[in-house]
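# Secondary and tertiary structure notes
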Amino acid sequence: MADIDETAENVANPFGDEDPPEFVPPTPEQLLAVLDQLKGISDEDREQLRQELLMGQQPQEPVQPPLSTEFFVLMSMFIILFIGFVFFGYKLYKSLKEKERKRDEKKKLRQQKKKK
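Let me begin by describing the structure that accompanies this report.

### Points about the side chain of R46
Of note, R46 is situated in helix α3 (residues 43–57). In this view, R46 contacts L35, D36, L38, K39 and I41; residues no more than four positions away in its chain are not counted.

Written out as structure tokens, the structure is:
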């Protein structure tokens, strides 16, 4: 029974107490070396695979996605919302200034009446 438990532990973790090694992808040079050792494929297929590997090595410029319509819709909604806030803010400011001006005028009129 003890052998079964030990075997189950080894199957669950074949590396023992150590952490499993990290996967490192092979370099294109390593892939080309393995490709040369492959038997059973034609020279034409081997050359095609070699060309595909070499094309994968060439640095490619990152592709930047074009601005999407969703971005434009979202930005236009924000702009409309901002314009609405500015408009109502301006109206509120104008209204408060007008009330303050009228209050000051009434105050001056009362003071003038008291002087008379």
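### Side note on the pattern of salt bridges
A complete count under the given rule lists 4 salt bridges for this structure. The shortest N-O distance in the salt bridge between R50 and E47 comes to 3.9 Å. A residue pair is termed a helical-turn pair when its members lie 3 or 4 positions apart in one helix, as R50 and E47 do in helix α3 at 3 residues. The closest approach of N and O atoms between R101 and E105, which form a salt bridge, is 2.5 Å. Of the two residues, R101 and E105 both sit in helix α4 (residues 69–115), 4 residues apart, roughly one turn of that helix.

### Remarks on the packing of aromatic side chains
Aromatic rings in a pair are described by how distant their centres are and how their planes are angled relative to each other. Summed over all chains, the structure comprises 2 aromatic pairs. A centroid spacing of 5.9 Å and a plane angle of 65° characterise the contact between F71 and F72, whose relative ring orientation is edge-to-face. A ring pair is formed by F87 and F88, whose centres lie 5.3 Å apart and whose planes are at 70°; its orientation type is edge-to-face. On the basis of relative accessibility, which here comes to 61%, the residue F88 falls in the exposed class.

Criteria and thresholds
- Residues numbered from 1 in each chain as written.
- Predicted model: local features only at pLDDT ≥ 70, side-chain atom pairs only at ≥ 80, totals over all residues.
- Heavy atoms only, no water.
- Helix = DSSP H or I, 4+ residues; strand = E, 2+ residues; numbered from the N terminus.
- Contact = heavy atoms within 4.5 Å.
- Salt bridge = Lys/Arg side-chain N within 4 Å of Asp/Glu carboxyl O.
- Phe/Tyr/Trp six-rings, centres within 6.5 Å; stacked < 30°, edge-to-face > 60°.
- Buried < 20%, exposed > 50% of the residue type's maximum accessible area, 1.4 Å probe, protein only.

By themselves these figures say nothing about function.
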